[in-house]
Amino acid sequence: MKKILSDIKNHVLTGISYMIPLVIAGAVIMAISRVGGSIYGITDIWDAKYADSANGIIQLLHSIDGFGGTALGLMFPIISAFIAYSVVDKLGIAPGLVGGMLVKDINAGFLGAIASGLIAGYICLWIKNHVKLPKSMSSVVPVFLVPVIGTLATVLIINYVIGVPFTSINVGLEKWLNGLSGGNQIIMAAIVGAMVGFDLGGPVNKAAVTTAMALLTSQVYAPNTAAQVAIIIPPIGLGLATVFAKNKYNSALREAGKSSIIMGLVGVSEGAIPFAVENPLKVIPSTVIGSALGSAMAVGLGAVNEAPISGFYGWFTVTKWPIYILSVATGSLFVAISSVLLRSKDAGKELETEVVDYDVDEEEWEN
C-alpha cells in the first residue's frame, strides 16, 4: 500500500511539473496585457467590448489577454495527460488529454483532473499488460486499442461515476471560499501560507500552490494571493538573514543568501532549501510562521492577485499592490529576524570547518 501511494504521489507531482510552465506562460502573457491596458486606464481589458476598439493597440492587448487565457485553459487537460504519461508513458497522453478536457467542461476542478489522469493512466497500463494479440497484430494495441478503449473508458468513468461528486466538491469549495470573509478568510490565507512555507517546493508546498492556481479558473482569488505571497517570503527572508548577521553564517551560506534573495524576487521558493537542510528545526518554523503572517496580512487587508505570478514583475498588477508588497516585506523580515535570533553566535565559525554540500536536488528534497 505504501508503494502504491508513493507511486501515485510521484505521478501527480510529474503532472504538476508539466503544468506549471504552462500556467506561468499564460499568467505572464495576461499580466503583460493588463499592464498595457492600465496605461490606457483600462482595468478590464479582457472584456469583449475591446475586441472592436478603434485603438489598434487596445485590440491587440485584448487579444493577448485571450491568448494567455487559452494557455490557462489547458491547465486541467495538461495535468491529466502528464499524470497518465507518468503512469504508462506516451500511451496515456491521448486518454489523459480528453479526460482533462471533460473535467474542465463539467467543472470537476483540480481534484477531478488528478483523478482523470490516474484513471486514464492505469486503464491504459492494464490494457498494455493484459491484452495479448498475435505477433502479427501486436502493433494494433498501442495505435488503436489503447487510445480508443482507454479514452472511451476514461470519459465514461468521469462522466457517469466520478463527475457528479467531484463537480459537487469543486462547486462547494468555490462557494465556501467565496463566502469567507473577515477572520475566516484571514485564517484560510494563513493556512495556505503556512503550507507553502513548510517544505519550500516539496509536496505540501506544491499541493497548496497548485490548488490555489486551479481555483483561479473559478475566479476564486484569495488562496492564490496567499500562495503567491508565501512563495517568496522564505528565500527573501533567509537571504536577508545572512545580510543582517553575517557572522552567524559561513561563507557558503552567505553566498547562498545572495542567490536566495534573487530567487525569491523572481518567485522561486527553492532558494531557501540550503538553509532548511542545514538546520531544519530552526529554519522551518520561521518560514512557516513568516509565510502565514505575510499571506494573512495581504488577504486580510484586501490585496488581490488574479494571476499565478509571485515574482516582482507581477507585483504592480495586483489590486492594492502597496499592501501586497508591504505584506511580503513583513513576512520576509519576520523570517530574517527570527532566523538570526534562533542561531547561535558561533554557528558561522563552527560551519566554516565543515564541508557541506548545499547543491540539493529538488526531487530529492521532495522525497
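Being a predicted model, the structure only gives us computed values, none of them experimental.

Now for the nonpolar core. By size, the foremost hydrophobic cluster in this structure holds 85 residues, and its most contacted members are Met-75, Phe-76, Ile-79, Phe-110, Val-196 and Phe-275. Beyond its immediate sequence surroundings of up to four residues, Val-196 is in contact with Asn-205, Ala-208, Val-209, Ala-227, Ala-230 and Ile-231. Counting residues in each nonpolar core, the second largest holds five residues, with Ile-45, Tyr-50, Ile-58 and Leu-61 among its members.

For the rest of this paragraph, the subject is the environment of Ala-292. Checked against the element boundaries, Ala-292 lands in helix α12 (residues 280–300). Separated by 156 residues in the primary sequence, Ala-292 and Ser-136 place their C-alpha atoms 61 Å from one another.

Let us look at a nonpolar patch on the surface. A grouping of Val-243, Phe-244, Leu-333, Ile-337 and Leu-341 is seen on the molecular surface, where their side chains present a nonpolar patch of about 490 Å² in accessible area. Listing elements by their share of the nonpolar patch, those giving two or more residues are α9 (222–244) and α13 (321–342). By residue number, the principal contributor to the nonpolar patch is α13, which donates three residues. Locating Ile-337 in the fold gives a position in helix α13. For Ile-337, a relative accessible area of 45% puts it in the partly exposed group.

Parameters and conventions
- Residues numbered from 1 in each chain as written.
- Predicted model: local features only at pLDDT ≥ 70, side-chain atom pairs only at ≥ 80, totals over all residues.
- Heavy atoms only, no water.
- Core = buried A, V, L, I, M, F, W, Y, C linked by side-chain atoms within 4.5 Å.
- Buried < 20%, exposed > 50% of the residue type's maximum accessible area, 1.4 Å probe, protein only.
- Contact = heavy atoms within 4.5 Å.
- Helix = DSSP H or I, 4+ residues; strand = E, 2+ residues; numbered from the N terminus.
- Patch = residues over 30% accessible without salt bridge, like charges linked within 9 Å, V, L, I, M, F, W, Y side chains within 5 Å.
- Areas by Shrake-Rupley, 256 points an atom, 1.4 Å probe, with all protein chains shown as cover.
- Salt bridge = Lys/Arg side-chain N within 4 Å of Asp/Glu carboxyl O.

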